[in-house]
Amino acid sequence: MSMRPVECGACGNEVLVEKRSLPHTTVQWTRPTDRCPELAGRDSALTAVCTGLRSSIERAVREGTLEVGTDAEPADGE
Amino acid sequence: MSARSTTEDHGPRRIEAGAPPERYARGWHCLGLASGFKDGKPHGIEAFGTELVAFQAAGTGELHVLNAYCPHMGGNLAHGTVKGDALACPFHDWRWAGNGKCAGIPYAHRVPPRARTRAWTTLEENGQLFVWYDPQGTPPPEGVTIPRIEGAFSDEWSDWTWNSIRIDGSHCREIVDNVVDMAHFFYVHNSFPTYFKNVFEGHVASQYMESDPREDMTAADTLSAQGRLRSEASYHGPSYMIDHLWTEVGGATAETVLINCHYPVSPDAFVLQYGALVKKLPGMTDEAAAQAAAQAAEGLATGFEEDVEIWLSKTRIDNPLLCDQDGPVYQLRRWYEQFYVDVEDVRPEMTDRFEFEIDTERAVRVWRDEVDANLARRAQSAQR
């Protein structure tokens, strides 16, 4: 698994995303959030999520452009 | 950084303990409740590898922090006396104003023109006193501040409880690491996390957590003793965390604000401070609110004691071996590093937004089984 670029459908910003499993998500921004309509402003770490970006990540998963890891539960159970 | 197993055997993992940084984190550091410094006496504080003194100017009522040692002959101003708006040295009665200027030497014709000691930049917010530390001597940039907590100024909330403990033999990174450490809440703090997410951006690092109490532990042992807990906790800078908590108690939601903060004493010692504010439930008296806050503080104290016990016997570890269900320790430390380098060396990756949501499915399942097994064992032994 590695980080893959995902473009936000709401603002066009591109972030790097990794999904090790469906519930897991890593998002690495590579530029400031000051142009994100949901996060712009001071102390945006106080906002847990940009819903526009989350929808885009979910769509990328549905459309198969973002691979989801399956190693969270190995076949032998451990 | 990934800890997935491979078929190759690389030999046993070697722990890199490293050495704690020689410098201290740039940022605001809470020294305690402001009221504690407003008794007309100077207060010595061992911090940042030196001695400080905090005092309240008798005239203006303002709190000031100076270097404790008098530049004249080294007397300790913490043993001196507040005289007007100045602090007088116990050794030769040299007077020091809150801005660091020598305000008078009673036995001398004149004050040497460059007589000045170090005055630390202070801030009073939320009923607490803060000092700004920056080894480069730069004042706090705009926007790098301590957010106001409305509950600290409202009659609808209790007063602060406040506790302080000194930890020797550990660097304060140990307490900061807890931001991402989901599993330790189950094993160390007897709480049962079901949701866990971190967001780091700029000088703020947040932890979003939902948890239940562990039913196999007695209520007094748990951080989330009462019921399902939602927590939004953020470090504002390197050392001051505000934790907003919502707990379900008998159909109502109890609101609590916890402060978890520290300041370094030396590279391997720090003072941990914590306090609680509780929002009064409808019809709650001041007394009952104070009691609820005291109870929250007690739970908090238990939690920190549990952490301290781990720290006292653990090693510093620069290369933790992680699994997928651990939080982003390395990215948290990358964020934390911004406070230990010069401002011009802060790299974008230290401050760029980073989000990490843990897949808690397996942990919740395994922990549920463990709790159930413990409950069954207890029921069985009760029957005997």
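Residues numbered from 1 in each chain as written. Chains lettered and ligands numbered in written order. Predicted model: local features only at pLDDT ≥ 70, side-chain atom pairs only at ≥ 80, totals over all residues.

Visitor: Explain the overall build of chain A here, please?
Guide: The number of helices and strands found in chain A is one helix and three strands. Starting at the N terminus and ending at the C terminus, chain A contains elements arranged as β-β-β-α. Counting only residues that meet the buried cut, chain A has 27% of its 78 residues in that class. Across chain A, the fraction of contacts at a sequence separation of at least 24, relative to all contacts at a separation of at least 6, is 46%. (Helix = DSSP H or I, 4+ residues; strand = E, 2+ residues; numbered from the N terminus. Buried ≥ 20, exposed ≤ 12 C-beta atoms within 10 Å, placed from the backbone. Contact = placed C-beta atoms within 7 Å.)

Visitor: Could you clarify how one ought to interpret the sheet that holds strand β7 (residues 95–97) of chain B in this entry?
Guide: Within a sheet, each strand pairs with its neighbour through backbone hydrogen bonds, oriented either parallel or antiparallel. All names here are of chain B. Read from one edge of the open sheet, four strands run β5-β6-β7-β8, paired in antiparallel fashion. Two strands close off the open sheet at either side, each with one partner strand: β5 (81–83) and β8 (102–104). Adjacent strand axes in the sheet meet at a mean angle of 40° when their direction is disregarded. Pairing geometry for β7 and β8, over two bridges, is antiparallel. (Pairing = 2+ DSSP bridges. Axes fitted to C-alpha atoms, helices over the stretch in contact; angles between N-to-C directions.)

Visitor: Just to check I follow, could you spell out the UniProt feature "domain: Rieske" (unreviewed entry) in chain B for this structure?
Guide: Listed under "domain: Rieske" (unreviewed entry) in the UniProt record, and renumbered for this structure, are residues 28–131 of chain B. Between the first and last C-alpha atoms of residues 28–131 of chain B the distance is 6 Å; the span itself is 0% helix and 43% strand. (UniProt positions renumbered as here; feature names shortened; annotations may be inferred.)

Visitor: Explain the pairing of strand β19 (residues 354–357) of chain B to me, please; I cannot follow it from the model alone.
Guide: The alternating pattern of β19 of chain B places Phe 354 and Phe 356 of chain B and Glu 355 and Glu 357 of chain B on opposite faces, both of which are buried. Here four bridges tie strand β3 (residues 25–28) of chain A to β19 of chain B, and the two strands are oriented antiparallel to one another. Bridge pairing links Thr 26 of chain A to Phe 356 of chain B in β19 of chain B. As paired elements, strand β13 (residues 191–201) of chain B and β19 of chain B share four bridges and run antiparallel to each other.

Visitor: In this structure, what is going on with the interface of chain A and chain B? I would like to understand it.
Guide: Contacts between the two partners involve 20 residues from chain A and, on the opposite side, 24 residues from chain B. For the side of chain A that touches chain B, the residue count by class is seven nonpolar, eight polar and five charged. (Nonpolar A, V, L, I, M, F, W, Y, C, P; charged D, E, K, R; others polar.)

Visitor: What exactly am I supposed to notice about the environment of His 244 of chain B here?
Guide: All names here are of chain B. Mapped onto the fold, His 244 is located in strand β16 (residues 240–249). By C-beta crowding, His 244 is classed as partly exposed, having 16 other C-beta atoms within 10 Å. Taking the C-alpha atoms as reference points, His 244 and Glu 255, eleven residues apart in sequence, are found 7.4 Å from one another. The residues contacting His 244, other than those within four sequence positions of it, are Glu 232 and Val 257.

Visitor: Help me understand the sheet that holds strand β1 (residues 27–33) of chain B, please; the structure alone is not making it clear to me.
Guide: Residue and element names in this part refer to chain B. Taken in spatial order, the three strands line up as β1-β11-β10 in an open sheet, and their pairing is antiparallel. Here the strands that pair on one side only, and so sit at the sheet edges, are β1 and β10 (122–125). Looking at each pair of strands side by side, their axes are set apart by 30° on average, direction ignored. Here β1 runs beside strand β11 (residues 128–133); their pairing, made up of six bridges, is antiparallel. When the bridges of β11 are listed, His 29 appears paired with Val 131.

Visitor: So what exactly am I meant to see when it comes to the domain arrangement of chain B here?
Guide: Residue and element names in this part refer to chain B. On domain assignment, one finds that chain B holds domain 1 (27–133) and domain 2 (154–374). Its C-alpha centre places domain 1 at a distance of 33 Å from the equivalent point of domain 2. Every contact between the two is made by twelve residues of domain 1 and, on the other side, 14 residues of domain 2. When residues in the side of domain 1 that touches domain 2 are grouped by element, the largest group, seven residues, is from β1. Class assignment for the residues of the side of domain 1 that touches domain 2 results in six nonpolar, five polar and one charged. (Domains from an automatic or database assignment.)

Visitor: Hey, could you run me through the nonpolar core in this one?
Guide: A general trend in soluble globular proteins is that nonpolar side chains are found buried together. All names here are of chain B. One finds Val 53, Ala 54 and Leu 77 to be the most contacted residues of the largest nonpolar core, which totals 95 residues. Among the elements that make up this core, the one with the highest residue count is strand β18 (residues 269–278) (seven residues). Residue contributions to this core reach at least three from each of two domains, namely domain 1 (27–133) and domain 2 (154–374). Once residues within four sequence positions are removed from consideration, Val 53 is found in contact with Pro 42, His 43, Gly 44, Leu 66, Ala 68, Leu 77, Ala 78 and Leu 87. (Core = buried A, V, L, I, M, F, W, Y, C linked by C-beta atoms within 7 Å.)

Visitor: Mind showing me how you'd approach helix α1 (residues 51–62) of chain A here?
Guide: Helical geometry: 3.6 residues make up each α-helical turn, so side chains three or four residues apart lie on a common side. Residue and element names in this part refer to chain A. Over its twelve residues, α1 extends 16 Å from the first C-alpha to the last, a length consistent with the 16 Å expected when each residue adds 1.5 Å. By the burial criterion, the buried members of α1 are Leu 53, Ser 56, Ile 57 and Ala 60. Seen along its axis, α1 keeps its buried residues to an arc of 100°; they face one direction. Turned more than 90 degrees away from the buried face of α1 sit Thr 51 and Arg 62, all of them exposed. Where α1 is buried, its residues meet β1 (4–7), β2 (14–18) and β3. (Expected span 1.5 Å × (residues − 1). Arc of directions from axis to C-beta.)

Visitor: I keep staring at the environment of Gly 237 of chain B and nothing clicks. Help me out?
Guide: Residues and elements named next belong to chain B. Position of Gly 237 among the secondary structure elements: in the loop between β15 (229–236) and β16. Sequence separation between Gly 237 and His 203 is 34 residues, and the spatial gap between their C-alpha atoms is 5.0 Å. Excluding its chain neighbours within four sequence positions, the residues that come into contact with Gly 237 are Gly 27, Trp 28, Val 144 and His 203.

Visitor: Would you take a moment to explain the confidence of the model for chain A for this structure?
Guide: Regions with low pLDDT carry predicted coordinates that are not meant to be interpreted in detail. Residues and elements named next belong to chain A. With 88% of its residues at a pLDDT of 70 or more, chain A has an overall mean of 88. Here β1 stands out as the least confident element of chain A, with mean pLDDT 96; β3 is the most confident, with 98. Across residues 74–78, confidence stays below pLDDT 50; counting only partners more than four residues off in sequence or on other chains, it has zero contacts. (pLDDT = per-residue confidence, 0-100.)

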